[in-house]
Amino acid sequence: MAKVLTLLKTIRNNWKKSVVGAAAFSYGISYGKQTYDIEQLMRQCCKDVASYGNGSCNTNSGIRRVTVILNPAAKKRKAKKLFQKYCEPLLHLAGISVTVIDTQSGSHARNTIMNLETPTDAIIVAGGDGTLLDVVTGLMRKYEHNLHAVKQCPIGILPLGNTNTIASMFYNKYEDLVDVHNMIDATMAIIKNNLKSIDAIEINLLNDDPENPIKPVYAVKGIEWGAWSDTHAHIDKYWYWGFLRKYAAYVFSGYKSNLNWKCNAVLKYTNPCKGCSRCYAKNFSYNQSTNSNRRWWHAFLPKNKTFVSDNHIDYSKVINENCGTLHEMSISTTELCVKIESMPVQTMPLLKIALGPENIDYTTFVEKGWKRENDNELPINLVLDAKDIELYPEITNEDQMFYIDQEEYELKPIQVRLLPQSVTIFYPELNS
């Protein structure tokens, strides 16, 4: 009893050191438990993956080869370490040959893909939304005259960026070790060869200089323009607010005049078409059997194609005189979003044009900005369905930007064209 009293007296007389010591001890226990849980998770995954590496190799396909486009600056420069710790060991254990290419900038990633000559069965993006956009753009530009070749080269998305909007669409909702679980799930999707076709959009500059043409940019999420998009893009400037920075950004940005409070533009768009003689050949895909033994370069070989239509309708005989007709309207809004609307495979895909309110007060701006960060929702006044879009913005400030898949692009007149089911990705299995 005397020893206990002495201990309590010592703690009371040195309460500051005692508090620090208790906090350090608690952190140590928590860190140790987390490390143990991760070790057990990786151990179990390695057991599951070993069956793939120990299996017999198909003589027709040989060893699977993947090329990893790694952005070492992603995830606050932790991307490479995380890839080497959680993703690369599983790929090697599964018997996959891995080639890693570190990229230094967006243009480097695009040029790397465009100049890639080494045969590969897949391209793996180890980074965030920006790296994914650069890889998709590079791949589309490389095979701009043969989009089927793009579809035959699947893309794996490892969530190693600051923003992983596309990859997060396929995640399970884990309660703990979220990042580790997501990296493992994404890697297992590549190993198991789970494939899914998604839509993409092509963004071309209008009024481009024919002597110095700028190649199109390709995206898989959409385009944003407005006050909330400006603020969201600059959240990291308020890093000193810690986990509150996404809230502080809207509080302090609401007073700034350089936000796109007024998005004035002329919008031209065509209505979606359910299928007709004008568009079926361009927008409906061909039914091609998915064979895990196929290589991406087999897309250049001749093959028989069977047209897939809904309810066996011959769309080549359907007449729609309004297909391709441009509708024009002037818009004035605080936020404009162009998104790809996910649709069943055999249904004509479309673009959603969402227009926010024309005017907004400071309190509502902050309130809706917080809601965007938590629920990914913004106030919408009008939604339009479209197939192709032309946007002619009124440029009043050189600092105004579009955000294409979260990446900044100079505000200029653009044409947006939908490319249905044009990109193949690896996607994790979702638990029911």
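Residues numbered from 1 in each chain as written. Predicted model: local features only at pLDDT ≥ 70, side-chain atom pairs only at ≥ 80, totals over all residues. Heavy atoms only, no water.

As named in an unreviewed UniProt entry, the chain is Acylglycerol kinase, mitochondrial, taken from Cardiocondyla obscurior.

1. Some details on helix α13 (residues 362-375)
To keep things clear, this is the line we draw: Note on conventions: DSSP H or I runs of at least 4 residues are helices, E runs of at least 2 residues are strands, and numbering of each starts at the N terminus. Given a helix with a known number of residues, its expected span is that number minus one, times 1.5 Å. Residue contacts are defined here by distance: any two heavy atoms, one from each residue, within 4.5 Å place the two residues in contact.
Here α13 is 14 residues long and its end C-alpha atoms lie 20 Å apart, about the 20 Å a rise of 1.5 Å per residue gives. Where α13 is buried, its residues meet β7 (222-226), α10 (227-233), α11 (245-253) and β12 (335-341). Asn 376 lies just past α13 and shows a positive phi near 55°.

2. Overview of the environment of Lys 75
Summarising the element assignment, Lys 75 is placed in helix α3 (residues 74-77). Once residues lying within four places of it in the same chain are set aside, the contact partners of Lys 75 are Leu 82, Leu 160, Gly 161, Asn 162 and Asp 179.

3. Let's talk about the packing of helix α4 (residues 79-93) against helix α9 (residues 178-192)
For clarity, the threshold we go by: Axis definition: a line fit to C-alpha positions, over the contact stretch in the case of helices; interaxial angles, taken between N-to-C directions, run 0 to 180 degrees. Our angle categories are set so that under 35 degrees counts as roughly parallel, over 145 as roughly antiparallel, 65 to 115 as roughly perpendicular, and the remainder as oblique. The handedness criterion is simple: a crossing whose near helix is rotated anticlockwise from the far helix by less than a right angle is left-handed, and one whose near helix is rotated clockwise is right-handed. Three residue categories are used. Nonpolar comprises Ala, Val, Leu, Ile, Met, Phe, Trp, Tyr, Cys and Pro, charged comprises Asp, Glu, Lys and Arg, and polar comprises the others, including Gly.
As a packed pair, α4 and α9 sit with axes 9 Å apart at the nearest point and diverge in direction by 30°. Our classification of the angle between α4 and α9 gives roughly parallel. Between α4 and α9 lies a crossing whose hand is right-handed. Side by side, α4 and α9 meet where Leu 82, Tyr 86, Cys 87, Leu 90 and Leu 91 of the first sit next to Val 180, Met 183, Ile 184, Thr 187, Ile 190 and Ile 191 of the second. Partitioning the contact of α4 with α9 into residue classes produces 10 nonpolar, one polar and no charged.

4. So, the pairing of strand β5 (residues 195-205)
Where we set the bar: Two strands are counted as paired when DSSP detects at least two bridges linking them.
By the bridge criterion, 10 bridges tie β5 to strand β18 (residues 414-426) in an arrangement that is antiparallel. Looking across to β18, one finds that Asn 204 is bridged to Gln 415. By the bridge criterion, three bridges tie β5 to strand β6 (residues 217-219) in an arrangement that is antiparallel. Pairing of Glu 202 across the sheet is with Tyr 218, part of β6.

5. Some remarks on the packing of aromatic side chains
For the record, the criterion: Pairing of aromatic rings covers Phe, Tyr and Trp, the last through its six-membered ring, and needs centres within 6.5 Å; plane angles under 30 degrees mean stacked, over 60 mean edge-to-face, and all others mean tilted. Exposure categories follow from relative accessible area, calculated using a 1.4 Å probe and restricted to protein chains: below 20% of the type maximum is buried, above 50% is exposed, and the middle band is partly exposed. Lysine NZ or arginine CZ positioned within 6 Å of the ring centre and within 35 degrees of the ring normal marks a charge as sitting over the ring.
One pass over the structure, following the stated rule, counts 10 aromatic pairs. Judged by centre distance (6.1 Å) and plane angle (10°), the rings of Tyr 238 and Phe 252 are stacked. Placement of the pair is Tyr 238 in the loop between α10 and α11 and Phe 252 in helix α11, with a sequence separation of 14 residues. We classify Tyr 238 as buried; its relative accessible area is 7%. Aromatic ring contacts, followed pair by pair, group Tyr 238, Trp 239, Tyr 240, Trp 241 and Phe 252 into a single cluster. Over the face of the ring belonging to Tyr 427 we find Lys 196, whose NZ or CZ atom lies 5.9 Å from the ring centre.

6. Side note on the pattern of salt bridges
The cut-off we apply is this: What makes a salt bridge here is a side-chain nitrogen of Lys or Arg within 4 Å of a carboxyl oxygen of Asp or Glu, nothing more.
With the rule as written, the count across this model stands at 16 salt bridges. A salt bridge links Asp 37 to Lys 33; the nearest nitrogen and oxygen atoms lie 3.0 Å apart. In this pair, Asp 37 and Lys 33 both sit in helix α2 (residues 15-54), four residues apart, roughly one turn of the helix. Assessed through its relative accessible area of 24%, Asp 37 is described here as partly exposed.

7. Regarding the sheet that holds strand β14 (residues 382-386)
In spatial order, the strands read β14-β13-β12-β7-β16-β17; together these six strands make up an open sheet with antiparallel pairing. Across the chains shown, the open sheet's two edge strands, defined by having one partner strand only, are β14 and β17 (407-410). Strand-to-strand twist in this sheet, taken as the mean axis angle between neighbours without regard to direction, amounts to 25°. Note: β7 against β12, five bridges, orientation antiparallel. Its bridge partner being in β12, Ile 223 is matched across the sheet by Val 338.

8. Focus: the packing of α11 against α13
Where α11 contacts α13, the two axes come as close as 9 Å, and the packing angle between them is 160°. Here α13 runs roughly antiparallel to α11, going by the angle between their axes. Like other packed secondary-structure pairs, α11 and α13 cross with a definite hand, here right-handed. Contacts between α11 and α13 pair Lys 246, Tyr 247, Tyr 250, Val 251 and Ser 253 from the former with Tyr 362, Phe 365, Val 366, Gly 369, Trp 370, Arg 372, Glu 373 and Asn 374 from the latter.

9. Section: the nonpolar core
For clarity, the threshold we go by: Joining through side-chain atoms within 4.5 Å is the link that ties buried Ala, Val, Leu, Ile, Met, Phe, Trp, Tyr and Cys residues into a set, and such a set is a nonpolar core.
Of all hydrophobic cores here, the largest spans 34 residues; its most connected members are Phe 83, Tyr 86, Ile 124, Leu 158, Leu 160, Ile 184 and Ile 191. A per-element tally of this core places α9 first, with eight residues. Setting aside residues up to four positions removed in sequence, Leu 158 forms contacts with Phe 83, Cys 87, Ile 124, Val 125, Ala 126, Gly 127, Met 183, Ala 186, Thr 187 and Ile 190. In terms of nonpolar packing, the next biggest core, distinct from the first, is built from 29 residues, Ala 265, Ile 331, Val 416 and Leu 418 among them.

10. Re a positive patch on the surface
Formally: Patches here: salt-bridge-free residues with over 30% relative accessible area, like charges joined within 9 Å, nonpolar side chains (Val, Leu, Ile, Met, Phe, Trp, Tyr) joined within 5 Å. Accessible areas in this description were obtained via Shrake-Rupley with a 1.4 Å probe; residue shielding takes into account the shown protein chains only. We count Lys and Arg on the positive side and Asp and Glu on the negative side, and we leave His and both chain ends out. Note on charges: their place is set at NZ of Lys, CZ of Arg, CG of Asp or CD of Glu.
Residues Lys 76, Lys 78, Lys 81 and Lys 85 make up a contiguous surface patch of positive charge. The topology assignment puts Lys 76 in helix α3. Take Lys 76: its relative accessible area is 64%, and that puts it in the exposed class.

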